[in-house]
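Working through the structure, step by step
Listed below, chain by chain, are the residues.
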Amino acid sequence: MASLSTKLFRSKSIADLQQESKGSELRRQLGPLNLILLGVGCAIGTGIFVLTGHVAAANAGPAVILCFVLAGLASLFAALCYSEFASLVPVAGSAYTYSYATMGEFVAWIIGWDLILEYAVGSIAVSVGWSGYVASLLNQIGWGLPPELTAAHGALVTLADGSQVPALFNLPAVFIVAFATLILVLGVQKSSVTNNIIVYIKLAVVLLFIIGGAHAVHPLNWHPFIPPAAGDWGHFGWGGVLRGTGIVFFAYLGFDAVSTAAQESKNPKRDMPIGLLGSLLVITILYILVAAVATGVTSYTNLDVPAPIAHAADLAGMGWMATLIKIGAIAGLTSVMLVLLYGQSRIFWNMSRDGLLPPVFGRVHPRFKTPWITSLATGAIVAFFAACVTVEEAGNLASIGTLLAFAIVSISVMILRVRQPGLERPFRTPWIWLTAPLGVLSAAALMAFLPAVAWIRLLVWMAIGLVFYFAYGFRKSRLAKKGR
Ligand code: ALA
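Keep in mind that what you see is a predicted model, and the values were worked out from it rather than measured. (Residues numbered from 1 in each chain as written. Predicted model: local features only at pLDDT ≥ 70, side-chain atom pairs only at ≥ 80, totals over all residues. Heavy atoms only, no water.)

Further remarks concern the overall build of the protein chain. Within the protein chain, the secondary structure is distributed over 18 helices and two strands. Its C-alpha radius of gyration of 22 Å places the protein chain within 12% of the 23 Å reference for a compact globule of 484 residues. The principal-axis extent of the C-alpha atoms belonging to the protein chain is close to 70 × 50 × 45 Å. Residues counted as buried form 57% of the 484 residues belonging to the protein chain. Taking as baseline every contact in the protein chain between residues at least 6 positions apart, the subset at least 24 positions apart corresponds to 79%. Total accessible area on the protein chain is roughly 19,500 Å²; 70% of this is exposed by carbon and sulfur atoms. On the protein chain, the mean spot of the 29 positive side-chain charges and the mean spot of the 19 negative ones are 14 Å from each other. (Helix = DSSP H or I, 4+ residues; strand = E, 2+ residues; numbered from the N terminus. Rg over C-alpha atoms; globule rule 2.2 N^0.38 Å. Buried < 20%, exposed > 50% of the residue type's maximum accessible area, 1.4 Å probe, protein only. Contact = heavy atoms within 4.5 Å. Areas by Shrake-Rupley, 256 points an atom, 1.4 Å probe, with all protein chains shown as cover. Lys, Arg positive; Asp, Glu negative; His and termini not counted. Charge placed at Lys NZ, Arg CZ, Asp CG, Glu CD.)

Every residue close to the ligand is listed here: Cys 42, Ala 43, Gly 45, Thr 46, Gly 47, Val 126, Phe 250, Ala 251 and Leu 253. Here a nitrogen atom of the ligand sits 2.7 Å away from a polar atom, N or O, in the main chain of Ala 43. Here Leu 253 contributes a backbone N or O atom positioned 2.7 Å from a nitrogen atom of the ligand. For the ligand, whose unbound accessible area comes to 220 Å², protein coverage reaches 100%. Of all the elements in the fold, those that place two or more residues in the shell around the ligand are helix 3 (32-43) and helix 4 (46-60). Residues belonging to the shell around the ligand are distributed by class as follows: six nonpolar, three polar and no charged. (Near = heavy atom within 4 Å. Polar contact = N/O pair within 3.5 Å; in protein donor to acceptor, adjacent residues only side chain to side chain. Nonpolar A, V, L, I, M, F, W, Y, C, P; charged D, E, K, R; others polar.)

Attention now moves to the packing of helix 5 (residues 64-88) against helix 16 (residues 432-449). As a packed pair, helix 5 and helix 16 sit with axes 8 Å apart at the nearest point and diverge in direction by 130°. Here helix 5 is positioned oblique relative to helix 16, judged by the angle of their axes. When the axes of helix 5 and helix 16 are compared, the crossing they make is left-handed. Across the interface between the two elements, Ala 71, Ala 74, Phe 77, Leu 80, Cys 81 and Glu 84 from helix 5 touch Ile 432, Thr 435, Ala 436, Leu 438, Gly 439, Ser 442 and Leu 446 from helix 16. Here the residues of the contact of helix 5 with helix 16 sort into nine nonpolar, three polar and one charged. (Axes fitted to C-alpha atoms, helices over the stretch in contact; angles between N-to-C directions. Parallel < 35°, antiparallel > 145°, perpendicular 65-115°, else oblique. Left-handed = near helix turned anticlockwise from the far one by under 90°.)

This brings us to the packing of aromatic side chains. By convention here, two paired aromatic rings are described through the distance between centres and the angle between planes. What the rule picks out here adds up to 24 aromatic pairs. Relative to Tyr 252, the ring of Phe 68 has its centre 6.5 Å away and its plane inclined at 50°; by these criteria the two rings are tilted. Of the two residues, Phe 68 sits in helix 5 while Tyr 252 sits in the loop between helix 10 (237-248) and helix 11 (268-297), which places them 184 residues apart along the sequence. (Phe/Tyr/Trp six-rings, centres within 6.5 Å; stacked < 30°, edge-to-face > 60°.)

This part is about unusual backbone geometry. For the bond from His 223 to Pro 224, the omega torsion is -5°, close enough to zero to count as cis. Examined against the element boundaries, Pro 224 turns out to sit in the loop between helix 9 (192-214) and helix 10.

Of note, Ile 110 is situated in helix 7 (residues 105-140). In contact with Ile 110, not counting residues within four places along its chain, are Ile 408 and Met 462.

Here we come to helix 6 (residues 95-102). Of all eight residues that make up helix 6, eight are buried, and the element is covered over most of its length. Of the positions making up helix 6, those classed as buried are Ala 95, Tyr 96, Thr 97, Tyr 98, Ser 99, Tyr 100, Ala 101 and Thr 102.

Each pocket or cavity is described by its volume, and for the second largest pocket that value is around 1,000 Å³. His 54, Ala 151, Asp 304, Val 305 and Pro 306 are the residues nearest the centre of the second largest pocket, which is lined by 45 residues in total. Where the lining of the second largest pocket is concerned, the elements lending two or more residues are helix 4, helix 7, strand 1 (156-158), helix 10, helix 12 (308-315), helix 15 (391-419) and helix 17 (452-476). Here the lining of the second largest pocket gets seven residues from one element, more than from any other, and that element is helix 7. (1 Å grid on protein atoms, 1.4 Å probe; cavity = no way out; pocket = protein on both sides within 12 Å on 5 of 7 lines; lining within 4 Å. Points joined across faces, edges and corners; volume = space filled by probe spheres on them.)

Right, let's get into the pattern of salt bridges. Summed over all chains, the structure comprises two salt bridges. Between Arg 417 and Glu 84 there is a salt bridge, with the nearest N and O atoms lying 2.7 Å from each other. Taken together, the positions of Arg 417 in helix 15 and Glu 84 in helix 5 put the pair 333 residues apart, joining distant regions of the chain. Judged by its relative accessible area of 14%, Arg 417 is buried. For Arg 425, the salt bridge identified is with Glu 84, shortest N-O distance 2.9 Å. On the criterion of sequence distance, the pair formed by Arg 425 in the loop between helix 15 and helix 16 and Glu 84 in helix 5 is long-range, its members being 341 residues apart. No difference in accessibility class separates Arg 425 from Glu 84, as the two residues are buried. Salt bridges sharing common partners tie together Glu 84, Arg 417 and Arg 425. (Salt bridge = Lys/Arg side-chain N within 4 Å of Asp/Glu carboxyl O.)

The next subject is the packing of helix 4 against helix 10. Running from N to C, helix 4 and helix 10 cross one another at 160°; their axes reach a closest spacing of 9 Å. With respect to their mutual orientation, helix 4 and helix 10 come out roughly antiparallel. Every pair of crossing elements has a handedness; the one defined by helix 4 and helix 10 is right-handed. Only Gly 240, Val 241, Arg 243, Gly 244, Ile 247 and Val 248 of helix 10 make contact with helix 4, whose side of the interface consists of Leu 51, Val 55, Asn 59 and Ala 60.

Another point: a nonpolar patch on the surface. A surface patch of nonpolar side chains, amounting to about 480 Å² of accessible area, comprises Trp 431, Leu 434, Leu 438 and Leu 441. Relative to the helices and strands, Leu 441 resides in helix 16. Take Leu 441: its relative accessible area is 57%, and that puts it in the exposed class. (Patch = residues over 30% accessible without salt bridge, like charges linked within 9 Å, V, L, I, M, F, W, Y side chains within 5 Å.)

Written as structure tokens, this is what we have:
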């Protein structure tokens, strides 16, 4: 009889993974530029277009600029560890797949369950951000929706006569989730050309805002840079900067998608670090500049609105640019939604094929060849929450989940260096004994800065995951059935 610990650490072999990936040989066609565009495309979304304004107005004031610097640094350590982990296992996949072969089933389950927060809950936050920009654009062209249908259930919205009422639910957010789910179920292929075009549009509006807005900056708006602490910890002062760092981390979530393309990259050893670090560098610079311009053209107190970047352009007297920003943000956020929901359905599908989730989640549609049941189930749950939560509630939970995954990946990379020093590592984390501990510490620190309610939700989610694993996957996994 295998002991409990043997069972918890049972691993897939690399040969198993290669066998599974047979028949879907991926072409090595991505060069460094494509990889950078992939990371930039997944990352630029609700974080920069929406949370920048909320954090400036509620937590950090103009020091939201500093929040982006600190969150970028934490992401840098994780990126360096992620690349080594990704390059270890010579098949495509996410941190879930790599950990199954290197750390064993239990860690893989924890990471897989945790990644649901990154992908599914992340897409809830993005759908709410999308809704803010769509509602604002519709208002502008005179087709405004009733305000009660544009925000989280119970959130106060302002009517045309200035009175405030609680919202019913967020209709546009539900719509975009339904639309993205339909695209995924039908399996509409998005070519890398379409993807690149959307990324260029997104980059163009961001650059337009930075360049156009720079002329309207009044440095007086940056004073005081860190507004004095007010009320509870997390509202201005250094506490606000730290909490703001935890919140804006959401803007970086998604750049790790570069590591999942290791097998499609022409020269992973050279291009993985270029893709990961290059996209991080690009987004960090853009985020810092957008935050600087947004808080420079108007007082940070004006930025707590659903479409703050467009609003900042408007306040800076560039109404035409505000319209372009709204259109660009809507297109860009749609593509982030698709990437996140796609990633989620593939993780569920993989977990189900491994026997960790019921087989129904692995069923593929006979005609569309997509994991349709998984996509529909995910879409229904995501749509429900998109209707009734705020962007920060969903964003904070997605961030805390992703940070936990980053911390586990950083720890795993160190454990593997000790346990299996001889494994071939196409990419080695530089100064691992410094980088990886800093990765763990910075992820833990960012988690600590987030509100207690995000922690409670994370713990409840992980507890449900543990119960589910021991009630189901522990006994039913493919490895369990093979008697490993
Ligand atoms: N980083 C992505 C966003 O900000 C998920 O929307």
